[in-house]
Amino acid sequence: MKIIAGLGNPGKKYDKTKHNTGFMALETFLDKENLQLDREKFEGKYTKVRVGDEDVILLEPQTFMNLSGKSVAGFANFFKVAPEDIMIIQDDMDLPLGKIRIRAKGSSGGHNGIKSIISDLGANNFLRLKIGIRHPEKETVVSWVLTPFKGEQVALMNQAYDQASDIIRDFVAGKDAQFLMNKYN
């Protein structure tokens with residue numbers, strides 16, 4: 001079994017904001033696969049699908065970003081999913097807008113959602129699909145991550161979400177972290 005969780009903040013107020021990049025990438029994949037998050041459990045919206053021989057949980061935690069670990073760990077513990085079978089889709093201010101980077105493990109890098117997942121999961125060896133939102137130039141970090149993408153930024157991010165869908169498909173097909181990093185980084 002695998003878990004793929006897109007990170008973001010629930011509610012209309014946060015729709016399409018930079019901090020919801022994980023939600024938007026997962027929703028692009030769901031749309032392409034004609035799936036929807038149709039269940040709720042462990043403070044998350046999810047669906048469980050069978051792909052080949054693999055059960056996959058597609059998840060959007062509804063705990064707000066800083067408590068994402070509560071939902072992810074709830075699913076991982078209940079379904080007995082090893083950390084290396086978890087992919088987290090997150091925004092990353094240290095990457096240029098729309099740039100994708102895959103990491104197999106590591107620290108939170110200052111991302112509070114990842115910090116929460118590491119803490120609640122008790123492990124840091126889960127896959128991270130990072131999508132760049134770049135650092136703000138004249139705004140505070142908080143106001144930057146809580147505003148929507150504008151103009152040509154939207155097109156760049158849509159390309160990133162399409163590429164994220166390809167990465168998700170490869171992960172579900174059993175490709176390991178090294179393969180994914182070699183192919184997409």
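The rules behind these values
Residues numbered from 1 in each chain as written. Predicted model: local features only at pLDDT ≥ 70, side-chain atom pairs only at ≥ 80, totals over all residues. Heavy atoms only, no water. Helix = DSSP H or I, 4+ residues; strand = E, 2+ residues; numbered from the N terminus. Buried < 20%, exposed > 50% of the residue type's maximum accessible area, 1.4 Å probe, protein only. Core = buried A, V, L, I, M, F, W, Y, C linked by side-chain atoms within 4.5 Å.

Peer 1: Just checking my understanding: could you explain unusual backbone geometry for this structure?
Peer 2: Peptide bonds are trans in most cases, and residues, glycine excluded, mostly fall at negative phi. At phenylalanine 42, a position not held by glycine, the phi torsion is positive, near 45 degrees. Here phenylalanine 42 is to be found in the loop between strand E2 (39-41) and strand E3 (44-51). For phenylalanine 42, a relative accessible area of 30% translates into the label partly exposed. Positive phi, close to 55 degrees, is recorded for glutamate 43, a residue that is not glycine. Tracing the backbone shows glutamate 43 in the loop between E2 and E3. Assessed through its relative accessible area of 42%, glutamate 43 is described here as partly exposed.

Peer 1: In this structure, what is going on with the nonpolar core? I would like to understand it.
Peer 2: Soluble, globular proteins show a tendency: their nonpolar side chains are buried together. The biggest cluster of nonpolar side chains holds 34 residues, and the ones touching the most others in it are Ile4, Leu58, Met87, Ile89 and Ile131. Contributing elements (two or more residues each) for this core: helix H1 (21-32), strand E4 (54-61), strand E5 (86-92), strand E6 (100-103), strand E7 (127-132), helix H4 (141-145), helix H5 (152-172) and helix H6 (177-184). When residues in this core are grouped by element, the largest group, eight residues, is from H5. Among the nonpolar cores identified, the runner-up in size contains 18 residues, and Ile3, Val81, Ile88 and Ile114 belong to it.

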